[in-house]
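# Observations on the three-dimensional arrangement
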Amino acid sequence: MESTRKNDEKLVRTVCHTGCGMGCALLAHVKDGVLTKIEPADFPEPKYRHICARGLASMKLVYHPDRLKYPLKRVGERGEGKWQRISWDEALETIATRLKETRERYGSRSLMWATSGTGGLDMAYISFAGCCEGTFASLVGFGDAAGPCGDTASFGALWGEGYLVNFEKPGLCVLWGSNPAETQPFGIRMIRDARERGARVVAIDPRFTASAAKADEYIPIRPGTDAALALGMIHVILEQDLHDRSFIIDNTVGPFLVNSQTGLFLRERDVVPSSSEKYMVWDTAADEARPYDAPGVVPALTGVYRVGSVECRPSFQLLVDLAARYPPEKASEVTEVPPDTIRSLALDYAQRRPVACYRGMGMQRTFHGDLAFRAINTLAAITGNLQPVAPGAFVYELVLNLHGVISCNFLPILKAYDAIAKGNPYPIKALWIAKHNMVNQLPDASLVTRELFPNLEFIVVADLFMNASAQYADIVLPACTFFEQSDLLAPTIGVPGGPNYFQLQNKAIEPLYDCKPDPEILKELARKMGLGDYFEKSAEEFIELLLSSGYPAEAGITLEKLKQGPVAAERSNVPAFLTPSGRMEFYCESLLEVGQELPCYLEPLESARTPLAQRYPLTFLSTHTRYRTHSTFANVTWLTDLDPEPVLEINPVDAEARGTKDGDLVCAFNDRGRMRLKAKVHQGIRPGTVNANQGWWPEHFLEGSHQDLTHGVINPAQELVYEPNSALYDVLVEVEKVREE
Ligand SMILES: Nc1nc2c(c(=O)[nH]1)N[C@H]1C(S)=C(S)[C@@H](COP(=O)(O)OP(=O)(O)OC[C@H]3O[C@@H](n4cnc5c(=O)[nH]c(N)nc54)[C@H](O)[C@@H]3O)O[C@H]1N2
Ligand SMILES: Nc1nc2c(c(=O)[nH]1)N[C@H]1C(S)=C(S)[C@@H](COP(=O)(O)OP(=O)(O)OC[C@H]3O[C@@H](n4cnc5c(=O)[nH]c(N)nc54)[C@H](O)[C@@H]3O)O[C@H]1N2
Ligand code: SF4
Ligand SMILES: [Mo]
């Protein structure tokens with residue numbers, strides 16, 4: 001997709017690939033090999049013609065004076081900042097030797113690659129890890145895994161967003177722990193369009209966000225208590241008999257009988273030996289237990305029944321029993337949302353159907369964030385507010401689909417902490433970080449740098465900048481921006497209202513300096529390591545390989561078609577719910593062993609109501625902002641002119657109690673670390689909660705950083721369904737004013 005204009009300006013269609021997940025189509029203007037301007041590209045659906053301030057500023061990443069220009073070798077201590085320029089040949093020779101040595105000494109799994117790319121770059125690294133029989137760190141758990149754990153339990157799909165938001169004309173939109181005005185431009189448009197068509201919009205958030213400002217009602221909530229709010233709403237809905245019986249019977253496990261002794265669903269074979277695995281229901285017509293699909297069966301949703309010697313209840317009855325413990329007054333005591341607000345929100349939820357519920361990632365960055373998602377999914381299910389749709393695609397999945405062939409070991413990133421620190425479940429001794437600012441973005445940064453990194457014998461970082469992670473590397477490799485390489489962008493799942501299209505990221509300019517695209521780096525390294533010819537592919541050949549994964553969403557999509565423009569992803573032939581029962585499961589057998597078979601409420605790990613609050617009384621959030629994508633753009637002046645430095649948002653009540661005024665220097669601290677920055681005193685954050693937007697670099701703080709306060713404590717329940725998440729917002733701190741010396 002290229003055309004040349006009279007004045008020798010070349011226009012190249014590409015996509016914005018800076019990590020926010022939207023994949024906006026861009027038109028790059030190039031003159032004499034130099035990017036001169038970026039604008040949004042036309043799209044088959046005009047509503048997707050979009051660019052934001054970060055997209056516009058992406059050009060500034062390319063020509064940034066601080067860009068890494070050449071391979072570097074560390075000459076001082078790690079982190080000391082002493083580097084020597086080396087050739088690519090020396091860099092790759094060193095890497096090949098060190099990786100081979102490490103593999104010989106500790107086994108092939110001791111080599112780990114960690115990358116949070118979303119395109120062919122991921123494929124290249126996964127394939128490389130596979131060819132070495134090494135480890136690939138799954139990075140979903142660095143902040144985005146609890147929601148997917150909840151959705152896997154409920155729907156059998158990692159990203160269940162589509163089930164809850166895909167309604168043509170919603171009567172109510174709930175922004176639940178979601179701030180799409182800053183994080184999901186297409187989501188906020190969907191919501192504003194729905195509002196123009198008559199939908200009521202409610203935002204539930206401890207902060208009065210830019211999104212909440214667009215809502216009809218704003219409900220501040222105590223962080224980490226969303227499951228209790230949902231249970232309180234379920235209580236009201238059941239009490240008023242507003243639940244959707246037929247939806248529950250047809251689409252959920254609600255009618256399935258649960259054995260009171262074992263907690264397992266009753267199967268036909270439990271009643272009639274050596275019959276089927278079919279789930280049993282209590283047939284009110286025959287007054288006996290029968291398979292759920294028996295002809296003429298009229299299933300009970302409530303009650304206690306005896307099947308032979310076994311006492312059983314429909315799982316819906318168990319949900320009723322759980323919700324009975326959360327009358328609005330009780331839910332209010334937990335959430336600090338007034339009981340009448342809970343009542344009216346519950347009535348709206350049941351009566352303003354369909355309800356589009358936008359669950360954000362904010363509320364799932366608590367220790368029990370999966371339960372919050374499950375409780376909300378349950379609320380949607382019992383009110384019939386679920387749309388069975390096929391989930392979208394994700395390049396990651398295409399890659400996994402492709403690589404049944406290559407055996408690389410996937411290790412959730414939080415599990416990798418122990419692998420590096422203690423050799424458990426096996427030692428990791430060499431680490432390659434690419435397209436990921438590990439030190440800045442993983443929890444407990446000082447643990448990472450002080451306790452994990454010293455156990456690593458070799459660290460490689462490929463990036464655009466000498467960021468907090470690259471500073472700890474032994475070899476630093478200069479990578480390319482998306483303008484300097486071609487790739488495939490698959491529609492990201494879990495992005496409400498985003499373009500469900502495959503798009504080509506077309507190379508607009510040649511790599512600057514000595515920079516190389518990651519797949520090129522790996523191609524040359526594979527030669528040095530004698531890994532065969534798998535990597536001997538052009539960017540186009542890599543894209544064609546990705547398109548041949550057999551993943552349903554990419555059916556019929558070819559490189560040739562993509563060269564003409566974006567191609568819509570296939571949505572058919574994926575079953576609606578991919579759970580063991582094929583239904584929405586609010587009751588999960590797999591979570592029995594941790595007592596979380598139902599979406600119960602559990603207090604956050606660190607909350608104002610835990611003993612730790614005596615020393616550290618404030619909940620600390622570190623949310624996403626429109627001025628950065630994670631740590632990307634924190635060094636770009638076009639954006640720092642708008643948002644110059646990190647600030648700690650704090651409510652006037654908490655500020656006053658600490659003798660702090662707006663603009664004062666404060667220190668936020670806990671047992672893990674400290675961070676010093678300016679206070680921003682305002683009403684837009686509820687008392688008891690403070691926030692500093694994530695993504696600032698350590699050098700932007702006067703001391704420490706937000707990541708020195710967070711922790712990576714693993715929740716074993718999440719391991720049972722998917723992988724453990726970083727509970728980045730489940731953090732207590734104390735704040736004090738810094739006295740001028
Ligand atoms: N501009 C920009 N866009 C981005 C990104 C970015 O860095 N910058 N990152 C992308 C990525 S990878 C992600 S994961 C998404 C994240 O996108 P979002 O989920 O929209 O954003 P978050 O900031 O993670 O959290 C959303 C809201 O949850 C609130 N919140 C925190 N704790 C709780 C709680 O316990 N209960 C409730 N109800 N609310 C709570 C926060 O105050 C916040 O306003 O954004 C994507 N888009
Ligand atoms: N405290 C706190 N921490 C968080 C979060 C939070 O809310 N609070 N959110 C978490 C979430 S949801 C996420 S998704 C993560 C995101 O964290 P990361 O995925 O680490 O995202 P970035 O910080 O943007 O780092 C991307 C890096 O890739 C580099 N880069 C860009 N293009 C290329 C390329 O082609 N090749 C190579 N090799 N490098 C390239 C960029 O310069 C940048 O340094 O952060 C998590 N961390
Ligand atoms: S919303 Fe995301 S993809 Fe779109 S232009 Fe902005 S940063 Fe790029
Ligand atoms: Mo994320």
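Before reading further, recall that the structure is shown in the block above.
This write-up is about the structure you can find in this document.

Procedures and definitions
Residues numbered from 1 in each chain as written. Chains lettered and ligands numbered in written order. Predicted model: local features only at pLDDT ≥ 70, side-chain atom pairs only at ≥ 80, totals over all residues. Heavy atoms only, no water. Helix = DSSP H or I, 4+ residues; strand = E, 2+ residues; numbered from the N terminus. Contact = heavy atoms within 4.5 Å. Phe/Tyr/Trp six-rings, centres within 6.5 Å; stacked < 30°, edge-to-face > 60°. Lys NZ or Arg CZ within 6 Å of the ring centre and 35° of its normal. Near = heavy atom within 4 Å. Nonpolar A, V, L, I, M, F, W, Y, C, P; charged D, E, K, R; others polar. Buried < 20%, exposed > 50% of the residue type's maximum accessible area, 1.4 Å probe, protein only. Polar contact = N/O pair within 3.5 Å; in protein donor to acceptor, adjacent residues only side chain to side chain. Areas by Shrake-Rupley, 256 points an atom, 1.4 Å probe, with all protein chains shown as cover. Domains from an automatic or database assignment. Core = buried A, V, L, I, M, F, W, Y, C linked by side-chain atoms within 4.5 Å. Axes fitted to C-alpha atoms, helices over the stretch in contact; angles between N-to-C directions. Parallel < 35°, antiparallel > 145°, perpendicular 65-115°, else oblique. Left-handed = near helix turned anticlockwise from the far one by under 90°. Pairing = 2+ DSSP bridges.

In this section: the environment of proline 499. As for its position among the elements, proline 499 is in the loop between strand 22 (487–489) and strand 23 (501–505). Sequence separation between proline 499 and alanine 717 is 218 residues; the distance between their C-alpha atoms is 33 Å. The contact partners of proline 499, leaving out residues within four places of it in the chain, are Met22, Gly23, Phe43, Tyr48, Phe186 and Pro491.

Next up on the list: the packing of aromatic side chains. When we look at a pair of aromatic rings, we describe it by the centre distance and by the angle of the planes. All told, the structure shown has 23 aromatic pairs when counted by the stated rule. Taken together, the ring pairs in this structure connect Trp113, Tyr125, Phe128, Trp432, Tyr534 and Phe535 into an aromatic cluster. Of note, lysine 537 hangs over the ring of tyrosine 534, and the distance from its end group to the ring centre comes to 3.9 Å. It is arginine 628 that lies over the ring of tryptophan 696; its NZ or CZ is 4.0 Å from the centre.

The next subject is the site of ligand 3. As a matter of local geometry, ligand 3 sits amid Cys16, Thr18, Cys20, Met22, Gly23, Cys24, His50, Ile51, Cys52, Arg54, Gly55 and Pro185. Split into classes, the residues belonging to the shell around ligand 3 amount to seven nonpolar, four polar and one charged.

Our focus in this paragraph is the environment of alanine 129. Mapped onto the elements, alanine 129 comes out in helix 3 (residues 120–131). Looking at alanine 129, the relative accessible area reads 0%, which means it is buried. Along the chain, alanine 129 and alanine 286 lie 157 residues apart, while their C-alpha atoms are 58 Å from each other. Non-local contacts of alanine 129, meaning those with residues more than four positions away in its chain, are made with Trp113, Gly134, Thr135, Phe136 and Cys408.

Right, let's talk about the site of ligand 1 for a bit. Surrounding ligand 1, one finds 33 residues, the nearest of these being Asp205, Gly224, Asp226, Met361 and Arg365. Between ligand 1 and glycine 177, the relevant distance is 3.1 Å, taken from an oxygen atom to a main-chain nitrogen or oxygen of the residue. Within the backbone of arginine 628, a nitrogen or oxygen atom sits 2.7 Å from a nitrogen atom of ligand 1. Calculation on ligand 1 without its partners gives an accessible area of 910 Å², and the protein chains cover 95% of this total. In terms of residue class, the shell around ligand 1 is built from 10 nonpolar, 14 polar and nine charged. Taken together, domain 2 (167–382) and domain 3 (611–737) each give at least three residues to the shell around ligand 1, which thus spans both.

Further remarks concern unusual backbone geometry. The bulk of non-glycine residues show a negative phi, and the bulk of peptide bonds are trans. Backbone torsion omega between arginine 353 and proline 354 reads -5°, so that peptide bond is classified as cis. With respect to the helices and strands, proline 354 occurs in the loop between helix 13 (339–351) and strand 17 (355–359). Residue proline 425 follows asparagine 424 across a cis peptide bond; omega there is 5°. When you line up the elements, proline 425 lands in the loop between helix 16 (413–422) and strand 19 (430–434). The backbone phi angle of aspartate 444 is positive, close to 60°, even though this residue is not glycine. Along the polypeptide, aspartate 444 turns up in the loop between helix 17 (438–441) and helix 18 (445–452). Its identity as a non-glycine residue notwithstanding, phenylalanine 633 has a phi of 85°, on the positive side. Locating phenylalanine 633 in the fold gives a position in the loop between strand 25 (618–621) and helix 22 (637–640). For phenylalanine 633, a relative accessible area of 1% corresponds to the buried category.

The subject of this paragraph is the nonpolar core. Of all hydrophobic cores here, the largest spans 80 residues; its most connected members are Leu164, Trp176, Ile204, Met233, Tyr349 and Leu386. The element best represented in this core is helix 8 (residues 226–239), accounting for 10 residues. With sequence-adjacent residues up to four places away left out, isoleucine 204 is seen in contact with Val174, Leu175, Trp176, Gly177, Ile219, Ile221, Asp226, Leu229 and Leu345. If you look at the next biggest cluster of nonpolar residues, it comprises 50 residues, including Ala526, Phe542, Leu546 and Leu559.

Turning our eyes to something else, we now look at the side chain of threonine 378. Residue position: threonine 378 is located in helix 14 (residues 369–382). Under the relative-accessibility criterion, threonine 378 is labelled buried at 0%. In this structure, threonine 378 is in contact with Ile234, Leu319, Met584, Phe586 and Pro599, ignoring residues within four places of it in sequence.

All right, on to the packing of helix 12 (residues 328–335) against helix 13 then. Direction vectors running N to C along helix 12 and helix 13 enclose 115°, while the axes themselves pass 8 Å from each other. In this view, helix 12 runs roughly perpendicular relative to helix 13, as classed from their interaxial angle. Crossing hand, helix 12 versus helix 13: right-handed. For the pair formed by helix 12 and helix 13, the contact residues are Pro328, Glu329, Ala331, Ser332 and Thr335 on the first element and Pro339, Ile342 and Arg343 on the second. Within the contact of helix 12 with helix 13, the residues separate by chemical class into four nonpolar, two polar and two charged.

It is worth spelling out the pairing of strand 21 (residues 475–478) at this point. Of the two faces of strand 21, the one carrying Ile475 and Leu477 and the one carrying Val476 and Pro478 are both buried. Sheet topology places strand 5 (residues 72–74) next to strand 21; two bridges connect them, and they run antiparallel. Looking at strand 21, one finds that leucine 72 is bridged to valine 476. Two elements, strand 20 (residues 458–463) and strand 21, share four bridges in a ladder whose sense is parallel. Among the inter-strand pairings, alanine 462 is bridged to a residue of strand 21, identified as leucine 477.

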